[in-house]
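A look at the structure
So the chains spell out like this:
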Amino acid sequence: ENEPIGTVIGVLTTYDIDDNTFIYSVNNNNFSINGVLLVSNYIFNYEDKNTYDIEISTTDTSGNTLIMNFIINILNINEMSTNITLSNNTINENEIIGTVIGTLNTEDVDSDTFTYTVNNNNFAINENQLISNKVFDYETQNSYNIEITSNDGNNIFITEFTINILNVDDIPTNITLSNNTIKENKQVGTFIGTLNTEDVDSDTFTLSLIHISEPTR
């Protein structure tokens, strides 16, 4: 399959005790005759059709004609894969190493078994799954361009993907108070200090007082 038009398929020979000059013809437009050669007149695809029944006629100088039937077999060639797909290309930040990102699939008319590799050490392959090899942080980097290679044992195919890191609202890491003293006998509502929350994701907070210690005697 896939050979160009004009590829020689075989040499024609006629056995005749009286003559050694012959004119050949073929009844199928997918083939043609070039002198004594049967050649292709079509780019064959094994997956579409893998055998052809043809008739070849040979005519000698006296006008006598013999017709013979032949079967032409199309041989399968392991063709290049045409695409790699990834079922999902996002992962939440802070997920543990080994989290599944997506399932890989290779589009190939000849093969159904593939070996995958990835060119970025922040990711890894587990059979046909792309998994994380790092705990990602959205605030540090929120997308990664990677190349995934599929190998069917004969041919390799490479596709580029962008993996997006999704932001997760992280827990605040600290609360600070600008001042922690107040003079005794101050009236209710006296300003003590300013509160600030350390948070990489947010800048608006609702604060509440959840515990008041008893006075020290």
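Residues numbered from 1 in each chain as written. Predicted model: local features only at pLDDT ≥ 70, side-chain atom pairs only at ≥ 80, totals over all residues. Heavy atoms only, no water.

1. Examining the overall build of the chain
Using the following cut-off: Strands here are runs of E lasting at least two residues and helices are runs of H or I lasting at least four, both read from the DSSP assignment and numbered beginning at the N terminus. Within these notes, the globule rule equals 2.2 Å times the number of residues to the 0.38 power, and the radius of gyration is based on C-alpha atoms. Exposure classes here rest on a 1.4 Å probe applied to the protein chains alone. A residue is buried below 20% of its type maximum, exposed above 50%, and partly exposed in between. Pairs of residues are marked as contacts when any of their non-hydrogen atoms sit within 4.5 Å. The accessible surface values rely on the Shrake-Rupley method and a 1.4 Å probe; as for residues, cover is taken only from the protein chains in view. For the purpose of charge, His is not counted, nor are the chain termini; Lys and Arg are scored as positive and Asp and Glu as negative. To locate a charge, the coordinates of NZ of Lys, CZ of Arg, CG of Asp or CD of Glu are taken.
Scanning the chain from N- to C-terminus turns up zero helices and 16 strands. The C-alpha atoms of the chain give 38 Å as radius of gyration, which overshoots the globular expectation for 217 residues (17 Å, by more than 25%). The C-alpha extent of the chain, read off along each of the three principal axes, is 135 × 25 × 20 Å. Each of the 217 residues in the chain was classed as buried or not, and the buried ones make up 26%. Relative to all contacts within the chain whose residues are 6 or more apart in sequence, the contacts with residues 24 or more apart total 57%. On the chain, roughly 15,100 Å² of surface is accessible, and the fraction owed to carbon and sulfur atoms is 48%. For the chain, the distance from the average site of its 5 positive side-chain charges to the average site of its 31 negative ones is 41 Å.

2. What to know about the sheet that holds strand β14 (residues 156-166)
We apply this condition: Pairing between two strands is assigned when DSSP locates at least 2 bridges connecting them. Each axis is a line fitted through C-alpha atoms, taken for helices only over the stretch in contact, and angles between the N-to-C directions span 0 to 180 degrees.
Pairing is mixed in the open sheet, where four strands are placed in the order β8-β14-β13-β10. Unpaired on one side and paired on the other, β8 (90-92) and β10 (115-118) mark the two borders of the sheet. Going across the sheet, the axis of each strand differs from the next one's by a mean of 30°, ignoring polarity.

3. Brief notes about the sheet that holds strand β1 (residues 8-11)
Sheet architecture is open: three strands sit in the order β1-β4-β3, paired in antiparallel fashion. Two strands close off the open sheet at either side, each with one partner strand: β1 and β3 (31-34). Across the sheet, the mean angle from the axis of one strand to that of its neighbour is 25°, orientation sign disregarded. Bridge count between β3 and strand β4 (residues 37-40): four bridges; the pairing is antiparallel. Across the sheet, isoleucine 33 pairs through a bridge with leucine 38, a residue of β4.

Purely geometric numbers; function is a separate question.
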